[in-house]
Amino acid sequence: MNEDKTIWWDDGLFMIDQTKLPVNFEIINIKSIRDLVGAIKSLKIRGAPALGAAGAYGIALAASLSKNNNVYELQQELEIVGDTIKVARPTAVNLSWGVDRILKVAMNAETAEEIKEATMRAAFDIAEEDIRINKALSRYGAKLLENGDNILTHCNAGRLACVGWGTALGVVRSAIESGKKIHVYACETRPLNQGSRLTAWELIQDDIPVTLICESSSGSLMRKGLINKVIVGADRITKNAVFNKIGTYNHAILAKAHMIPFYVAAPLSSFDLQHEEAAIEVEERDASELCIIGDVRLAPEGIDVYNPAFDATPIELVTALITERGIFRPPLTPAI
Ligand code: MRU
(Lines give C-alpha, C1' and ligand atoms only; values in the text may rest on other atoms or scores of the structure.)
Protein backbone atom coordinates (compact mmCIF):
# COMPACT_ATOMS: atom_id res chain seq x y z
CA MET A 1 0.00 0.00 0.00
CA ASN A 2 1.13 3.49 -0.82
CA GLU A 3 -1.03 5.90 1.09
CA ASP A 4 0.94 9.04 0.32
CA LYS A 5 -0.33 8.79 -3.27
CA THR A 6 -3.90 9.03 -4.52
CA ILE A 7 -3.40 6.34 -7.18
CA TRP A 8 -0.75 3.67 -7.65
CA TRP A 9 -0.02 0.24 -9.11
CA ASP A 10 0.99 -2.59 -6.81
CA ASP A 11 0.13 -5.88 -8.57
CA GLY A 12 -3.16 -4.14 -9.35
CA LEU A 13 -4.54 -0.61 -9.55
CA PHE A 14 -5.33 1.09 -6.24
CA MET A 15 -6.70 4.50 -5.31
CA ILE A 16 -8.01 6.43 -2.33
CA ASP A 17 -11.82 6.59 -2.45
CA GLN A 18 -12.19 10.37 -2.07
CA THR A 19 -15.98 10.17 -1.67
CA LYS A 20 -15.43 8.60 1.78
CA LEU A 21 -13.32 11.46 3.14
CA PRO A 22 -13.16 13.13 5.62
CA VAL A 23 -14.88 10.43 7.70
CA ASN A 24 -13.20 7.29 6.37
CA PHE A 25 -9.87 6.73 4.64
CA GLU A 26 -10.55 3.84 2.28
CA ILE A 27 -8.44 2.29 -0.46
CA ILE A 28 -10.16 0.63 -3.41
CA ASN A 29 -8.82 -1.86 -5.93
CA ILE A 30 -9.81 -1.06 -9.53
CA LYS A 31 -10.15 -4.38 -11.32
CA SER A 32 -11.67 -3.38 -14.66
CA ILE A 33 -12.16 -0.43 -16.99
CA ARG A 34 -15.80 -0.40 -15.89
CA ASP A 35 -14.59 0.09 -12.27
CA LEU A 36 -12.24 2.84 -13.39
CA VAL A 37 -14.84 4.77 -15.40
CA GLY A 38 -17.28 4.43 -12.50
CA ALA A 39 -14.64 5.75 -10.06
CA ILE A 40 -13.92 8.73 -12.33
CA LYS A 41 -17.59 9.60 -12.87
CA SER A 42 -18.45 9.32 -9.19
CA LEU A 43 -15.38 11.38 -8.17
CA LYS A 44 -13.74 8.61 -6.15
CA ILE A 45 -10.72 9.95 -8.01
CA ARG A 46 -10.90 13.56 -9.16
CA GLY A 47 -8.81 16.67 -9.73
CA ALA A 48 -7.15 17.27 -13.11
CA PRO A 49 -3.62 15.86 -12.49
CA ALA A 50 -4.97 12.78 -10.67
CA LEU A 51 -7.29 12.18 -13.63
CA GLY A 52 -4.24 12.33 -15.93
CA ALA A 53 -2.65 9.48 -13.96
CA ALA A 54 -5.98 7.59 -13.85
CA GLY A 55 -6.28 7.81 -17.64
CA ALA A 56 -2.70 6.60 -18.06
CA TYR A 57 -3.11 3.67 -15.65
CA GLY A 58 -6.45 2.87 -17.32
CA ILE A 59 -4.73 2.07 -20.62
CA ALA A 60 -2.02 0.07 -18.83
CA LEU A 61 -4.71 -1.83 -16.90
CA ALA A 62 -6.63 -2.60 -20.10
CA ALA A 63 -3.42 -3.88 -21.72
CA SER A 64 -2.63 -6.07 -18.72
CA LEU A 65 -6.16 -7.54 -18.69
CA SER A 66 -6.35 -8.20 -22.42
CA LYS A 67 -6.03 -11.75 -23.70
CA ASN A 68 -5.22 -10.44 -27.16
CA ASN A 69 -1.76 -11.43 -28.39
CA ASN A 70 -2.04 -9.79 -31.77
CA VAL A 71 -0.28 -6.43 -31.59
CA TYR A 72 -2.54 -4.66 -34.10
CA GLU A 73 -5.77 -5.96 -32.51
CA LEU A 74 -4.54 -5.03 -29.03
CA GLN A 75 -3.72 -1.50 -30.20
CA GLN A 76 -7.23 -1.15 -31.62
CA GLU A 77 -8.74 -2.51 -28.40
CA LEU A 78 -6.80 0.05 -26.35
CA GLU A 79 -7.93 2.91 -28.59
CA ILE A 80 -11.56 1.98 -27.90
CA VAL A 81 -10.85 1.78 -24.16
CA GLY A 82 -9.17 5.21 -24.39
CA ASP A 83 -12.30 6.74 -25.94
CA THR A 84 -14.45 5.29 -23.15
CA ILE A 85 -12.18 6.70 -20.45
CA LYS A 86 -11.85 10.14 -22.05
CA VAL A 87 -15.60 10.83 -22.14
CA ALA A 88 -16.05 9.92 -18.47
CA ARG A 89 -15.25 13.55 -17.58
CA PRO A 90 -14.76 15.90 -20.53
CA THR A 91 -13.55 19.20 -19.04
CA ALA A 92 -10.23 18.38 -17.33
CA VAL A 93 -7.84 18.04 -20.26
CA ASN A 94 -5.40 15.94 -18.23
CA LEU A 95 -7.64 12.88 -18.53
CA SER A 96 -7.33 12.69 -22.32
CA TRP A 97 -3.70 13.86 -22.08
CA GLY A 98 -2.88 10.85 -19.85
CA VAL A 99 -4.79 8.42 -22.08
CA ASP A 100 -3.20 9.73 -25.29
CA ARG A 101 0.31 9.69 -23.86
CA ILE A 102 0.05 5.98 -23.02
CA LEU A 103 -1.77 5.13 -26.26
CA LYS A 104 1.18 6.60 -28.13
CA VAL A 105 3.49 4.23 -26.25
CA ALA A 106 1.20 1.32 -27.19
CA MET A 107 1.16 2.37 -30.85
CA ASN A 108 4.97 2.39 -30.97
CA ALA A 109 5.32 -1.13 -29.53
CA GLU A 110 6.05 -4.09 -31.77
CA THR A 111 4.57 -6.98 -29.80
CA ALA A 112 1.61 -7.44 -27.45
CA GLU A 113 4.02 -8.28 -24.64
CA GLU A 114 5.92 -5.06 -25.27
CA ILE A 115 2.64 -3.09 -25.16
CA LYS A 116 1.86 -4.53 -21.72
CA GLU A 117 5.29 -3.78 -20.28
CA ALA A 118 5.81 -0.39 -21.90
CA THR A 119 2.35 1.02 -21.07
CA MET A 120 2.71 0.03 -17.42
CA ARG A 121 6.17 1.61 -17.21
CA ALA A 122 4.95 4.79 -18.90
CA ALA A 123 1.89 5.08 -16.63
CA PHE A 124 4.16 4.70 -13.60
CA ASP A 125 6.41 7.45 -15.03
CA ILE A 126 3.45 9.81 -15.45
CA ALA A 127 2.48 9.26 -11.82
CA GLU A 128 6.03 9.85 -10.52
CA GLU A 129 6.48 12.84 -12.83
CA ASP A 130 3.29 14.41 -11.46
CA ILE A 131 4.80 14.74 -7.99
CA ARG A 132 8.09 16.12 -9.35
CA ILE A 133 6.24 18.67 -11.51
CA ASN A 134 4.00 19.78 -8.66
CA LYS A 135 7.04 20.33 -6.45
CA ALA A 136 8.76 22.31 -9.21
CA LEU A 137 5.79 24.63 -9.80
CA SER A 138 5.31 24.96 -6.06
CA ARG A 139 8.88 26.21 -5.63
CA TYR A 140 8.19 28.96 -8.18
CA GLY A 141 4.81 29.76 -6.64
CA ALA A 142 6.16 29.92 -3.10
CA LYS A 143 8.18 33.00 -4.08
CA LEU A 144 4.89 34.84 -4.66
CA LEU A 145 3.74 34.24 -1.09
CA GLU A 146 4.78 36.35 1.88
CA ASN A 147 5.02 35.62 5.56
CA GLY A 148 1.60 36.16 7.12
CA ASP A 149 -0.44 35.71 3.91
CA ASN A 150 -4.09 34.73 4.11
CA ILE A 151 -4.86 32.68 1.03
CA LEU A 152 -8.27 31.89 -0.38
CA THR A 153 -8.56 28.63 -2.32
CA HIS A 154 -11.52 27.00 -4.02
CA CYS A 155 -12.31 23.31 -4.46
CA ASN A 156 -9.33 20.99 -3.86
CA ALA A 157 -6.09 21.54 -5.72
CA GLY A 158 -4.03 19.69 -3.16
CA ARG A 159 -2.35 16.33 -3.01
CA LEU A 160 -5.71 14.57 -3.31
CA ALA A 161 -6.30 16.27 -6.68
CA CYS A 162 -2.92 15.04 -7.95
CA VAL A 163 -0.84 11.93 -7.46
CA GLY A 164 0.84 13.80 -4.62
CA TRP A 165 1.91 17.19 -3.18
CA GLY A 166 -0.65 19.37 -5.02
CA THR A 167 -0.70 22.46 -7.19
CA ALA A 168 -2.39 25.42 -5.42
CA LEU A 169 -1.92 23.73 -2.04
CA GLY A 170 1.52 22.57 -3.15
CA VAL A 171 2.47 26.26 -3.44
CA VAL A 172 1.24 26.79 0.12
CA ARG A 173 3.18 23.70 1.31
CA SER A 174 6.39 24.93 -0.31
CA ALA A 175 6.00 28.45 1.14
CA ILE A 176 5.52 26.95 4.60
CA GLU A 177 8.53 24.66 4.08
CA SER A 178 10.61 27.75 3.32
CA GLY A 179 9.68 29.17 6.73
CA LYS A 180 6.71 31.43 5.90
CA LYS A 181 3.58 31.50 8.01
CA ILE A 182 0.55 31.00 5.75
CA HIS A 183 -3.12 30.65 6.60
CA VAL A 184 -5.67 29.21 4.15
CA TYR A 185 -9.38 29.99 3.79
CA ALA A 186 -10.91 26.88 2.19
CA CYS A 187 -14.22 27.44 0.38
CA GLU A 188 -16.60 24.56 1.06
CA THR A 189 -17.24 24.25 -2.72
CA ARG A 190 -20.84 23.32 -3.23
CA PRO A 191 -22.38 21.08 -4.36
CA LEU A 192 -19.88 18.25 -3.71
CA ASN A 193 -17.88 19.99 -0.99
CA GLN A 194 -14.36 19.19 -2.18
CA GLY A 195 -13.23 22.17 -0.08
CA SER A 196 -14.74 21.13 3.23
CA ARG A 197 -14.25 17.37 2.74
CA LEU A 198 -10.84 17.28 1.05
CA THR A 199 -8.93 20.58 1.27
CA ALA A 200 -9.78 21.02 4.95
CA TRP A 201 -8.88 17.36 5.62
CA GLU A 202 -5.51 17.37 3.90
CA LEU A 203 -4.44 20.71 5.39
CA ILE A 204 -5.38 19.57 8.89
CA GLN A 205 -3.38 16.35 8.27
CA ASP A 206 -0.34 18.54 7.55
CA ASP A 207 -0.94 20.99 10.43
CA ILE A 208 -1.44 23.87 7.99
CA PRO A 209 -3.71 26.58 9.47
CA VAL A 210 -7.05 26.44 7.65
CA THR A 211 -10.44 28.08 8.14
CA LEU A 212 -13.51 26.73 6.36
CA ILE A 213 -15.84 29.29 4.76
CA CYS A 214 -18.82 29.10 2.43
CA GLU A 215 -17.84 30.48 -0.97
CA SER A 216 -20.42 33.25 -0.83
CA SER A 217 -18.48 34.88 2.02
CA SER A 218 -15.29 35.45 0.00
CA GLY A 219 -16.26 39.00 -1.10
CA SER A 220 -17.06 40.05 2.41
CA LEU A 221 -13.77 38.65 3.74
CA MET A 222 -11.80 40.42 1.01
CA ARG A 223 -13.55 43.69 1.82
CA LYS A 224 -12.59 43.29 5.45
CA GLY A 225 -8.96 42.76 4.43
CA LEU A 226 -8.90 39.18 5.72
CA ILE A 227 -7.81 37.65 2.39
CA ASN A 228 -4.79 39.00 0.53
CA LYS A 229 -4.22 36.38 -2.20
CA VAL A 230 -6.25 33.81 -4.13
CA ILE A 231 -4.66 30.60 -5.47
CA VAL A 232 -6.62 27.98 -7.36
CA GLY A 233 -5.82 25.05 -9.64
CA ALA A 234 -7.13 24.48 -13.17
CA ASP A 235 -8.86 21.75 -15.11
CA ARG A 236 -7.96 23.24 -18.47
CA ILE A 237 -6.23 26.44 -19.56
CA THR A 238 -7.16 27.54 -23.07
CA LYS A 239 -5.84 30.53 -25.02
CA ASN A 240 -8.29 32.86 -23.33
CA ALA A 241 -9.67 31.24 -20.17
CA VAL A 242 -9.01 29.10 -17.12
CA PHE A 243 -11.55 26.35 -16.49
CA ASN A 244 -11.83 25.37 -12.86
CA LYS A 245 -14.47 24.34 -10.33
CA ILE A 246 -17.72 26.29 -10.61
CA GLY A 247 -17.44 29.41 -8.44
CA THR A 248 -13.82 30.17 -9.34
CA TYR A 249 -14.89 33.00 -11.66
CA ASN A 250 -16.76 34.72 -8.82
CA HIS A 251 -13.57 34.78 -6.73
CA ALA A 252 -11.58 36.15 -9.69
CA ILE A 253 -14.01 39.03 -10.17
CA LEU A 254 -14.03 39.77 -6.45
CA ALA A 255 -10.22 39.61 -6.30
CA LYS A 256 -10.00 42.17 -9.10
CA ALA A 257 -12.53 44.45 -7.37
CA HIS A 258 -10.46 44.33 -4.19
CA MET A 259 -7.06 44.53 -5.98
CA ILE A 260 -6.00 41.13 -4.66
CA PRO A 261 -3.71 38.89 -6.77
CA PHE A 262 -5.48 35.93 -8.36
CA TYR A 263 -3.03 33.09 -9.09
CA VAL A 264 -3.60 29.85 -10.99
CA ALA A 265 -1.18 26.97 -10.28
CA ALA A 266 -1.22 24.19 -12.89
CA PRO A 267 1.13 21.82 -14.70
CA LEU A 268 1.62 22.24 -18.45
CA SER A 269 -0.46 19.07 -18.93
CA SER A 270 -3.50 21.21 -18.02
CA PHE A 271 -2.83 23.61 -20.92
CA ASP A 272 -4.85 23.34 -24.11
CA LEU A 273 -3.66 26.27 -26.18
CA GLN A 274 -5.16 24.98 -29.43
CA HIS A 275 -8.61 25.90 -28.19
CA GLU A 276 -10.57 28.95 -27.11
CA GLU A 277 -13.06 28.93 -24.26
CA ALA A 278 -16.08 28.48 -26.54
CA ALA A 279 -14.86 25.11 -27.86
CA ILE A 280 -14.72 23.44 -24.45
CA GLU A 281 -17.41 21.17 -23.12
CA VAL A 282 -18.34 21.95 -19.55
CA GLU A 283 -19.45 18.84 -17.70
CA GLU A 284 -23.00 19.05 -16.37
CA ARG A 285 -23.73 16.87 -13.39
CA ASP A 286 -26.83 15.28 -11.98
CA ALA A 287 -29.58 17.38 -10.40
CA SER A 288 -29.47 15.16 -7.32
CA GLU A 289 -26.15 16.75 -6.28
CA LEU A 290 -28.02 19.98 -5.59
CA CYS A 291 -31.28 18.51 -4.37
CA ILE A 292 -30.26 15.76 -1.96
CA ILE A 293 -27.60 15.35 0.72
CA GLY A 294 -27.47 11.82 2.12
CA ASP A 295 -31.11 11.06 2.88
CA VAL A 296 -32.14 14.70 3.18
CA ARG A 297 -34.02 16.39 0.34
CA LEU A 298 -32.99 20.06 0.00
CA ALA A 299 -35.23 21.07 -2.91
CA PRO A 300 -38.74 20.20 -4.11
CA GLU A 301 -39.15 17.08 -6.26
CA GLY A 302 -39.12 17.94 -9.96
CA ILE A 303 -37.34 21.31 -9.58
CA ASP A 304 -35.48 22.41 -12.71
CA VAL A 305 -31.73 22.30 -11.95
CA TYR A 306 -28.63 23.56 -13.77
CA ASN A 307 -25.46 22.00 -12.32
CA PRO A 308 -22.31 22.73 -14.35
CA ALA A 309 -19.17 21.35 -12.66
CA PHE A 310 -16.83 24.08 -13.92
CA ASP A 311 -16.71 27.71 -15.00
CA ALA A 312 -14.31 29.72 -17.14
CA THR A 313 -12.33 32.69 -15.84
CA PRO A 314 -11.12 35.06 -18.57
CA ILE A 315 -7.33 35.02 -18.69
CA GLU A 316 -7.18 38.82 -18.15
CA LEU A 317 -8.38 38.25 -14.58
CA VAL A 318 -5.38 36.02 -13.82
CA THR A 319 -2.47 37.84 -12.17
CA ALA A 320 -0.06 35.00 -12.95
CA LEU A 321 0.00 31.36 -14.00
CA ILE A 322 2.32 29.22 -11.88
CA THR A 323 3.77 26.30 -13.85
CA GLU A 324 6.74 23.93 -13.62
CA ARG A 325 8.48 26.10 -16.23
CA GLY A 326 8.08 29.27 -14.19
CA ILE A 327 5.59 32.08 -13.70
CA PHE A 328 3.73 33.66 -16.62
CA ARG A 329 2.13 37.07 -16.22
CA PRO A 330 -0.26 38.95 -18.51
CA PRO A 331 -0.29 39.39 -21.41
CA LEU A 332 -0.37 35.62 -21.06
CA THR A 333 -1.00 34.35 -24.57
CA PRO A 334 2.29 35.41 -26.19
CA ALA A 335 4.22 34.46 -23.03
CA ILE A 336 2.79 30.95 -23.01
O1 MRU B 1 -14.82 18.04 -9.95
P2 MRU B 1 -13.41 17.96 -9.44
O3 MRU B 1 -13.32 17.71 -7.98
O4 MRU B 1 -12.58 16.99 -10.26
O5 MRU B 1 -12.82 19.41 -9.71
C6 MRU B 1 -11.48 19.65 -9.41
C7 MRU B 1 -11.08 21.06 -9.59
O8 MRU B 1 -11.83 21.88 -10.06
C9 MRU B 1 -9.66 21.39 -9.24
O10 MRU B 1 -9.58 22.71 -8.81
C11 MRU B 1 -8.79 21.24 -10.48
O12 MRU B 1 -8.93 19.94 -11.02
C13 MRU B 1 -7.36 21.50 -10.21
S14 MRU B 1 -6.64 20.18 -9.31
C15 MRU B 1 -5.01 20.47 -9.06
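Just so you know, these numbers come straight off a predicted model, no measurement behind them.

Calculation rules
Residues numbered from 1 in each chain as written. Predicted model: local features only at pLDDT ≥ 70, side-chain atom pairs only at ≥ 80, totals over all residues. Heavy atoms only, no water. Near = heavy atom within 4 Å. Polar contact = N/O pair within 3.5 Å; in protein donor to acceptor, adjacent residues only side chain to side chain. Areas by Shrake-Rupley, 256 points an atom, 1.4 Å probe, with all protein chains shown as cover. Helix = DSSP H or I, 4+ residues; strand = E, 2+ residues; numbered from the N terminus. Nonpolar A, V, L, I, M, F, W, Y, C, P; charged D, E, K, R; others polar. Domains from an automatic or database assignment. Pairing = 2+ DSSP bridges. Contact = heavy atoms within 4.5 Å. Axes fitted to C-alpha atoms, helices over the stretch in contact; angles between N-to-C directions. Buried area = accessible area lost by both parts, 1.4 Å probe. Salt bridge = Lys/Arg side-chain N within 4 Å of Asp/Glu carboxyl O. Buried < 20%, exposed > 50% of the residue type's maximum accessible area, 1.4 Å probe, protein only. Right-handed = clockwise from strand over helix to strand, strands pointing away. Expected span 1.5 Å × (residues − 1). Arc of directions from axis to C-beta.

The next subject is the site of the ligand. As a structural note, the neighbourhood of the ligand is formed by 18 residues, with R46, R89, D235, N244 and K245 the closest of them. Taking Q194, its side chain carries an N or O atom lying 2.9 Å from an oxygen atom of the ligand. In the model, an oxygen atom of the ligand is placed 2.8 Å from a nitrogen or oxygen of the D235 side chain. For the ligand, the protein covers 99% of the area, taking 410 Å² as the surface of the free molecule. Put simply, the parts of the chain that give the shell around the ligand at least two residues each are helix 2 (48-65) and strand 9 (241-245). Split by residue class, the shell around the ligand holds eight nonpolar, six polar and four charged. If you count residues domain by domain, the shell around the ligand takes at least three from each of domain 1 (7-135) and domain 2 (144-328).

Here the focus is the sheet that holds strand 13 (residues 310-314). With antiparallel pairing, three strands are arranged side by side in an open sheet as 8-9-13. The open sheet is flanked by strand 8 (236-237) and strand 13, the only strands paired with a single partner. Bridge count between strand 9 and strand 13: five bridges; the pairing is antiparallel. Note that in strand 13 the partner of A241 across the bridge is P314. Each of strand 9 and strand 13 touches helix 9 (residues 248-257); the most contacted strand, strand 13, lies at about 30° to it.

Think of interface size as the accessible area that goes away when the parts come together; that is how it is often given. Split into domains, the protein chain comes out as domain 1 (7-135) and domain 2 (144-328). Placing the centre of domain 1 and that of domain 2 at their C-alpha centroids yields a distance of 25 Å. Across the boundary between the two partners, domain 1 contributes 28 residues, which contact 33 residues of domain 2. With both sides pooled, the region where domain 1 packs onto domain 2 buries about 2,600 Å², and carbon together with sulfur makes up 58% of that total. E283 is the partner of R89 in a salt bridge, and the nearest nitrogen-oxygen pair spans 2.9 Å. For the pair domain 1 and domain 2, the interface holds 16 residue pairs in polar contact (both at pLDDT 80 or more). For the side of domain 1 that touches domain 2, the secondary structure elements donating two or more residues are helix 2, helix 4 (93-107) and helix 5 (112-142).

Below, the discussion takes up the pairing of strand 4 (residues 149-153). Counting buried positions along strand 4 yields four of five residues, so the element is predominantly enclosed. Where strand 4 and strand 5 (residues 182-187) come together, five bridges link them in parallel fashion. When the sheet's bridge partners are listed, D149 is paired in strand 5 with I182. Each parallel crossover has a hand, and for strand 4 linked through helix 6 (residues 168-177) to strand 5 it is right-handed. In this sheet, strand 7 (residues 229-232) lies alongside strand 4 in parallel orientation, the contact comprising two bridges. Looking at strand 7, one finds that I151 is bridged to K229.

In this section: helix 3 (residues 71-86). Taking 1.5 Å per residue, 16 residues should reach 22 Å; helix 3 reaches 22 Å between its end C-alpha atoms and fits that length. Buried residues of helix 3: L74, Q75, L78, V81, G82 and I85, and no others. Taken around the axis of helix 3, the buried residues stretch over an arc of 120°, which confines them to a single face. Opposite the packed face of helix 3, turned more than 90 degrees from it, sit the exposed residues Y72 and I80. Looking at the packing, one finds that the buried side of helix 3 touches helix 1 (33-41), helix 2, helix 4 and helix 5. A distance of 2.9 Å separates the backbone nitrogen of Y72 from a side-chain oxygen at the start of helix 3, and that oxygen is part of N70.

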